[in-house]
Amino acid sequence: MLLIECPYCGERPEPEFVYGGQAHVARPREPAGVDAEQWTHYLYLRDNARGVHAERWRHAHGCGRFFNALRDTTSDHFLATYKVGEKPPAAAKGSR
Amino acid sequence: MQRFSGLSLLRRGLTGQRGWQPQWRHAEPQAAYDALIVGGGGHGLGTAYYLAREHGLTHIAVLEKGWIGSGNTGRNTTIIRSNYLFPESAALYDHALKLWEGLSQALNYNVMFSQRGVLMLAHTVHDTQVAKRHVHANRAAGVDNEWLTPQQAKAFCPLLNIGDIRYPVLGAALQRRGGTARHDAVAWGYARAADALGVDIIENCEVTGIRRDAAGAVEGVETTRGAIRAPRIGVAAAGHTSVILRMADVELPLESYPLQALVSEPVKPVFPCVVMSNTIHAYISQSDKGELVIGAGTDAYTSYTQRGGPHITSHALEAICELFPMFRRMRMLRCWGGIVDVTPDRSPIIGRTPVPGLYVNCGWGTGGFKATPGSAHVFAWTIARGEPHPLNSPFTLERFRDGNLIDEAAAAAVAH
């Protein structure tokens, strides 16, 4: 079971959270001008990174808020958590 | 290849089991092959076998980064069934089931396929409606499936607690042709039969890069044991498929999750079939060794660690204890995780990629073992002919762009 640091509430056990998939996947700003390849990319294609992965979590049984995290998918260690709208912490990126 | 028969087993049994030979060679990688299979699990080894046996491609190799069968082939709960909802899926999985029925004979290797029946429980009105829809769809597609009342379900599986629980059993769908097989034997049987046809099975050989020519077509791979040339490459790397395909700049609609299973201490034969429950989430059978084999759910997050959280396995055990109160004092021996590659529509991808000469067989998610022979058979066809077999032609990579999803999410036996 993971221990996850909510940026608002602090460290809490995993069952309080809901996983929200890959972070920073932006919906096309003008859907009408987007072709099938771009929709496929937005809807279905994911990094599925082996290593550092930027992902969303929601503290569903706590403050209820979404936040982002960097986690190493080869060890499940969290490198950082940060609020929505913030850039991924550069220091944590690429460290293993 | 030393053929097995009742007589050969008896003779060696009477003479101290001497004279057995290794079941396959420890091949060294050659500089070039006609085709390479990346991934030495059941799907990859089976593909090599059918390439050699049915398509005459014998100068080929299977590259496995660990030992064969060390990934999901050796980590699953060995359940085999074909009662999928949509015609495309039912045809593909039933093709596999028919191959399972003759597999031990075809390979001259006992894969211990046992058609003991797969019982899928309904606990709510919604479950009942969905299960009956499956029964009708399957029967219309020529796949056996039947609806049982709670009393009939209990008669089929006497240990089942149908009444005295939070979610009583309201009925069950039974596929009598379903069952289990010995997972390691599937890898070993295919390896042995492929090796006998000349296929090189190269273990401890991890692919680290895919080489391409000026036109973009594949030329070969780089591995931890040197470069190997080949004009055709088939990837059957399960949870690590995204990692391999990224070496050729191919992006896939896959996410890799841990899926856990566990086994109990071995006991006398007590459990006659396979039981699965979607709503309270558990599935269970008993191996011939006597262990109860229990499947849990996937963890919530993507991972490559081959382990998961204990709250996932304890959730499955709580359901088992409700359904089978006599197992409440059983002790669990081992639990482990495998990394499963899940597609958005929960159906596999078997076919070409945008890179010429590169083929992929992936996305089997939480239920690929049951499909092993069928998957390998149609994938070999696809690699040999450069175009899909009719059975895997709907399972393309392009279906996500074109909107032709085969949305089997609701057809999984348990909700992962």
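Each remark here, short or long, concerns the structure printed above.
Residues numbered from 1 in each chain as written. Chains lettered and ligands numbered in written order. Predicted model: local features only at pLDDT ≥ 70, side-chain atom pairs only at ≥ 80, totals over all residues. Heavy atoms only, no water.

**Considering the sheet that holds strand 19 (residues 358-362) of chain B**
Residue and element names in this part refer to chain B.
So, step 1. In space, the six strands of this open sheet follow the order 8-2-1-12-19-18, with mixed pairing throughout. Edge strands, defined here as strands with exactly one partner in the open sheet, are strand 8 (200-202) and strand 18 (349-352). Adjacent strand axes in the sheet meet at a mean angle of 15°, parallel and antiparallel pairs treated alike.
So, step 2. As defined by bridge partners, strand 18 adjoins strand 19 across four bridges and the pair is classed as antiparallel. Bridge assignment links R352 to a residue of strand 19, and that residue is Y359.
So, step 3. Against the sheet, helix 2 (residues 42-55) engages strand 1 (35-38), strand 2 (60-63), strand 8 and strand 19, with an angle of about 175° to strand 2. (Pairing = 2+ DSSP bridges. Helix = DSSP H or I, 4+ residues; strand = E, 2+ residues; numbered from the N terminus. Axes fitted to C-alpha atoms, helices over the stretch in contact; angles between N-to-C directions. Contact = heavy atoms within 4.5 Å.)

**Let's talk about the interface of chain A and chain B**
So, step 1. With 24 residues of chain A in contact, the opposing surface of chain B contributes 28 residues.
So, step 2. The contact between chain A and chain B buries some 2200 Å² in all, and 51% of this surface belongs to carbon and sulfur atoms.
So, step 3. Counting every contact that joins chain A to chain B gives one salt bridge.
So, step 4. In this assembly, chain A and chain B are joined by 14 residue pairs in polar contact (both at pLDDT 80 or more).
So, step 5. Looking at the side of chain A that touches chain B, the elements that each hand over two or more residues are helix 1 (36-43) and strand 4 (52-58) of chain A.
So, step 6. Here the side of chain A that touches chain B takes four residues from helix 1 of chain A, the largest share from any one element.
So, step 7. In terms of residue class, the side of chain A that touches chain B is made up of nine nonpolar, seven polar and eight charged. (Buried area = accessible area lost by both parts, 1.4 Å probe. Salt bridge = Lys/Arg side-chain N within 4 Å of Asp/Glu carboxyl O. Polar contact = N/O pair within 3.5 Å; in protein donor to acceptor, adjacent residues only side chain to side chain. Nonpolar A, V, L, I, M, F, W, Y, C, P; charged D, E, K, R; others polar.)

**Section: the nonpolar core**
Residue and element names in this part refer to chain B.
So, step 1. Counting 46 residues, the largest nonpolar core has L45, W100, L107 and Y190 as its most contacted members.
So, step 2. Of all elements in the fold, only strand 1, helix 2, strand 2, helix 3 (87-101), helix 4 (103-107), helix 7 (183-196) and helix 10 (372-385) reach the threshold of two or more residues within this core.
So, step 3. Sort the elements by how many residues they give to this core and helix 7 lands first, with seven residues.
So, step 4. For Y190, the contacting residues outside a window of four places in its chain are G42, L45, G46, Y49, Y50, L103, L107, T372 and P373.
So, step 5. With 31 residues, the next largest nonpolar core counts A61, L63, A230 and L358 among its residues. (Core = buried A, V, L, I, M, F, W, Y, C linked by side-chain atoms within 4.5 Å. Buried < 20%, exposed > 50% of the residue type's maximum accessible area, 1.4 Å probe, protein only.)

**Some words on helix 7 of chain B**
Residue and element names in this part refer to chain B.
So, step 1. With 14 residues, helix 7 should reach 20 Å at 1.5 Å per residue; the first-to-last C-alpha distance of 20 Å fits that figure.
So, step 2. Most of helix 7 sits inside the fold, with twelve of its 14 residues counted as buried.
So, step 3. Restricting attention to buried positions, one finds in helix 7 the residues H183, D184, A185, V186, A187, G189, Y190, A191, R192, A193, A194 and D195.
So, step 4. Where helix 7 is buried, its residues contact helix 2, helix 3, helix 4, strand 8 and helix 10.
So, step 5. Looking at the residues trailing helix 7, positive phi occurs at G198, about 105°. (Expected span 1.5 Å × (residues − 1).)

Without other data, these values stay purely geometric and don't point to any function.
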